[in-house]
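Okay, here's what each chain looks like letter by letter:
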Amino acid sequence: MRKRSFAPGILFLVIILAIPAYIIAQQTRSARRATTPDRPAPTGASTTRSSVTGPAIKSDLAEALAVIQSNHIDGRKLDYNAIFKSSISGMLSVLDPHSTYFDPAEYASFRTEQRSEYFGIGATIEDLRDGKEVNTYIRATFPESPAARAGLRFGDRITAIDGNSMRGKTYPEVRKFLLGPRNTTVKVTVEHEATKQSETVSIVRDAVSLPSIAQAYMLKPGVGYVAMTGGFNLTTADEFEQALRYLHGKGMNMLVLDLRGNRGGLLIQAVRVANTFLGRGQMIVSQRGRFRDSSQSYAAVNENPDNVAVVVLVNGDTASAAEIVAGALQDHDRALIIGETTFGKGLVQFPFQLDYDSALLLTIAKYFTPSGRLIQRDYSNGGFYNYYFPGGLAADKQQNQPTTPTGPESHTDTGRAVYGGGGISPDEVVKPGLISAAERQLRDVLFAFSLELTNGRIKGFEDYTIQKPIEFDHELANDDYPVTDNLFRALKSFAAAKPNYKTTPEQLDKLRGYAEMQLRYNILSAAYGYRTATQVFNDLDPQISRAVDAMPRAPELAQAASRARARG
């Protein structure tokens, strides 16, 4: 195995955390052919296995297609692209859960995602249900986006796109009409909430940034917070470096690095992020594969690592490259890991381009943390569904955290036991805060009230009118649009007068904490954009709160590791 620094290479990791279009029912299907009377087995040959050759596969496929064409009810109008795609996907599914096939459109989207961008208008949208009526609204625009340049803002109702009515369509349906190739024009008809006047604007689709870091701000004096939740893409390490500079400038000496929901991405970016906190020569990750250059080790090259105390937050959707970062910092006792056990995706994929711009994303190696533990969890039993949804969709993930380690034991720099083969287990398990069904039911009435409030139609609260472009660089303060007792009473009066939303003043009183938080989020989205507004949810996040409380343990752990390494 060769050891190398993290100069850019060709190998990278990709987490594919989506259910394939086709769930293969026969996961354990044998590769042998059945012997039939008109195809006798050769004398002395085993009847349990026969060689599989290209001509034989081609013959079987042609025969199966002929039977389908002749006998299936829709055999005369087959979608051959879908058939061949599903055939390749079925073949890959018996290998591992992450090898996959991309048709040309999917491969183009994949490459775009690795560039940390997509093509569209650059706005977040949300639907509002008023009784049986459904409408979709602009919630916020992104900085420098086509939607922002076109003047779209919070509360604009999308009524048509390219002449197609959007009335009654939910926001996922509307979003499909807004996305499209770069430099193409989309005509969006909106009704401005403030004036109730309709306007059709022509917007040229462009690349819209999908940053890896959604938030970087000070939780409290001395404690910085970085939400690295957008995956590991081409810009991740540069974004992280910029965020750290900003937070150090604010007096940060402790950091909460949030990797919850980060599904991974480029290996080299994960290596660069981990390198920030590790000294030269400290191992970050190794990968072991079959062919040349697929077995490599990546060590830190940092002569002056950042010595800020670090707590890393993880959960069941933390995967792949994000697990590399968490695993490296845990193995070197450089950070305290808090939250829930990570997904457990330790397979390396490489894209092999095929004809007509399609590609196979094929697993070529496995990766291991510095202590030698494999992060990939077992996928030999249960098929795709059980792999992605262990215990089923209704399973309580909070109760599915392993109580006793089952994989091989390894040790951190200070000698703490850690275990392989099941993701990264946190040093301290902390359950997330969950939104109840009753709280979710309040979203429509809260959004509707926010539209009235920000457009100056709630008497006595004209100071909450927001009819100006979003201030994206605003640093949020506690006195920015507070939800006062008087404002909450106005919300209850609004709900009582709007029975379509099926929310009573008594329900609002019972769920006041959530209602105030969601209402303030809506208002702040209109004023400062959704990334700034999301900070209000962090104030009541139990995992973030515990990270701050446990922060003193992080430097103690790092110092103990430094002494252990010095002793050899």
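Note that the coordinates shown come from a computational prediction; the quantities given were computed from them, not determined experimentally.

### Regarding the overall build of the chain
Piece 1. The helix and strand tally for the chain stands at 18 helices and 22 strands.
Piece 2. Residue burial in the chain is summarised as follows: out of 568 residues, 47% are buried.
Piece 3. For the chain, contacts bridging at least 24 residues in sequence account for 71% of all contacts bridging at least 6.
Piece 4. With the model as given, the accessible surface of the chain reaches about 28200 Å², and the carbon-plus-sulfur share is 51%.

### A short note on unusual backbone geometry
Piece 1. The phi torsion at D333 lies on the positive side, around 55°, for a residue other than glycine.
Piece 2. Within the element layout of this structure, D333 appears in the loop between α8 (321–331) and β17 (336–339).
Piece 3. On the accessibility criterion, D333 (0% relative accessible area) is buried.
Piece 4. Even without glycine at this site, Y356 takes up a positive phi of about 60°.

### Examining the pattern of salt bridges
Between side chains of opposite charge, a pair can form when the charged atoms approach closely.
Piece 1. Taken as a whole and judged by the stated rule, the model has 26 salt bridges.
Piece 2. Across the pair K77 and D74 runs a salt bridge, and its minimum N-O distance is 3.8 Å.
Piece 3. Residue classification places D74 among the partly exposed positions, given a relative accessible area of 34%.
Piece 4. One salt bridge in this structure joins E191 and R157, with 3.1 Å as the shortest N-O distance. Remark: R157 occurs in strand β6 (residues 157–161) and E191 occurs in strand β8 (residues 185–191); sequence separation between them is 34 residues.

### Some points on a nonpolar patch on the surface
Piece 1. Residues L61, Y80 and F84 make up a contiguous nonpolar surface patch of roughly 250 Å² in combined accessible area.
Piece 2. Within the fold, Y80 resides in helix α2 (residues 80–93).

### Some points on the side chain of N315
Piece 1. Mapped onto the secondary structure, N315 falls in the loop between β16 (309–314) and α8.
Piece 2. Leaving out residues up to four positions away in the same chain, N315 has contacts with R260, G261, E340, T341, T342 and F343.

### Some remarks on the packing of helix α11 (residues 443–454) against helix α14 (residues 512–528)
Piece 1. Contact geometry of α11 with α14 gives a least axis separation of 9 Å together with a crossing angle of 45°. With respect to their mutual orientation, α11 and α14 come out oblique. The element α11 and its partner α14 pack so that their crossing is right-handed. Across from R443, L446, F447, F449, S450, L453 and T454 in α11, the residues of α14 making contact are Y514, A515, Q518, L519, N522, I523 and A526.
Piece 2. In the contact of α11 with α14, the residues fall into nine nonpolar, four polar and one charged.

### Things to note about α8
Piece 1. In terms of burial, α8 is a largely internal element, 11 of the 11 residues being buried.
Piece 2. Positive phi shows up at D333, right after α8, with a value of about 55°.

### Concerning the packing of helix α6 (residues 236–249) against helix α7 (residues 267–275)
Piece 1. Running from amino to carboxyl end, α6 crosses α7 at an angle of 25°, the nearest separation of the two axes being 8 Å. As summarised for this structure, α6 and α7 are arranged roughly parallel, according to the angle between their axes. For the pair formed by α6 and α7, the contact residues are T236, A237, D238 and F240 on the first element and Q269, R272 and V273 on the second.
Piece 2. Along the lines of polarity and charge, the residues of the contact of α6 with α7 split into three nonpolar, two polar and two charged.

### Side note on the pairing of strand β4 (residues 123–130)
Piece 1. Burial analysis of β4 places six of its eight residues in the buried class, which makes it a mostly covered element.
Piece 2. The sheet contact formed by β4 and strand β5 (residues 133–141) spans eight bridges and is antiparallel. Of the residues in β5, the one forming a bridge with E126 is Y137.
Piece 3. Counting the residues in the hairpin turn of β4 and β5 gives two residues, including G131, whose phi is positive at 70°.

### Quick notes on the packing of aromatic side chains
The geometry of an aromatic ring pair is captured by the separation of the ring centres together with the interplanar angle, meaning the angle of the planes.
Piece 1. Counted under the stated rule, the structure contains 12 aromatic pairs.
Piece 2. Between the aromatic rings of F350 and F352, the centroid separation amounts to 5.0 Å while the plane-to-plane angle is 70°, which identifies the pairing as edge-to-face.
Piece 3. In this structure F350 comes out as buried when scored by relative accessible area, which is 17%.
Piece 4. Geometrically, the ring pair formed by Y521 and F537 is tilted, given 4.8 Å between the ring centres and 40° between the ring planes. You can see Y521 sitting in helix α14 and its partner F537 sitting in helix α16 (residues 535–538), a full 16 residues away along the chain.
Piece 5. The class of Y521 is buried, set by a relative accessible area of 11%.

### Some points on the sheet that holds strand β12 (residues 223–228)
Piece 1. Taken together, the six strands give an open sheet; going across it, the order is β11-β12-β13-β16-β17-β22, and neighbouring strands pair in mixed fashion. A strand with exactly one partner marks an edge of an open sheet, and here the two such strands are β11 (213–220) and β22 (428–429).
Piece 2. Pairing geometry for β16 and β17, over four bridges, is parallel. By the bridge assignment for β17, V314 is matched with G339.

### Describing the nonpolar core
Piece 1. Formed by 43 residues in total, the largest nonpolar core has its most connected members in F232, F240, L255, I284 and V312.
Piece 2. Apart from residues lying up to four places away in sequence, I284 is in contact with V271, A274, N275, L278, Y298, A299, A300, I324, A328 and P370.
Piece 3. Of all hydrophobic cores here, the second largest spans 38 residues; its members include V445, L453, F494 and Y528.

### Comments concerning the environment of I470
Piece 1. Here I470 lies in the loop between α11 and α12 (485–496).
Piece 2. A relative accessible area of 16% places I470 in the buried class.
Piece 3. Sequence separation of I470 and R153 is 317 residues, and the distance between their C-alpha atoms is 7.9 Å.
Piece 4. The contacts of I470, once residues within four sequence positions are left out, are A140, T141, S525, A526, A527, Y528 and G529.

### Digging into the confidence of the model for the chain
Piece 1. Per-residue pLDDT for the chain has a mean of 86; in total, 87% of the residues score no lower than 70.
Piece 2. Per-residue pLDDT stays below 50 along residues 1–49; that stretch engages in 102 contacts with residues further than four places along the chain or on separate chains.

### What about the environment of A150?
Piece 1. Note that A150 resides in the loop between α4 (146–149) and β6.
Piece 2. Judged by its relative accessible area of 28%, A150 falls in the partly exposed class.

### Focus: the side chain of Q287
Piece 1. With respect to the element layout, Q287 can be found in strand β14 (residues 283–289).
Piece 2. Looking at Q287, its side chain comes within polar contact range of the main-chain oxygen of S294, at 3.3 Å.

About the thresholds
- Residues numbered from 1 in each chain as written.
- Predicted model: local features only at pLDDT ≥ 70, side-chain atom pairs only at ≥ 80, totals over all residues.
- Heavy atoms only, no water.
- Helix = DSSP H or I, 4+ residues; strand = E, 2+ residues; numbered from the N terminus.
- Buried < 20%, exposed > 50% of the residue type's maximum accessible area, 1.4 Å probe, protein only.
- Contact = heavy atoms within 4.5 Å.
- Areas by Shrake-Rupley, 256 points an atom, 1.4 Å probe, with all protein chains shown as cover.
- Salt bridge = Lys/Arg side-chain N within 4 Å of Asp/Glu carboxyl O.
- Patch = residues over 30% accessible without salt bridge, like charges linked within 9 Å, V, L, I, M, F, W, Y side chains within 5 Å.
- Axes fitted to C-alpha atoms, helices over the stretch in contact; angles between N-to-C directions.
- Parallel < 35°, antiparallel > 145°, perpendicular 65-115°, else oblique.
- Left-handed = near helix turned anticlockwise from the far one by under 90°.
- Nonpolar A, V, L, I, M, F, W, Y, C, P; charged D, E, K, R; others polar.
- Pairing = 2+ DSSP bridges.
- Phe/Tyr/Trp six-rings, centres within 6.5 Å; stacked < 30°, edge-to-face > 60°.
- Core = buried A, V, L, I, M, F, W, Y, C linked by side-chain atoms within 4.5 Å.
- pLDDT = per-residue confidence, 0-100.
- Polar contact = N/O pair within 3.5 Å; in protein donor to acceptor, adjacent residues only side chain to side chain.

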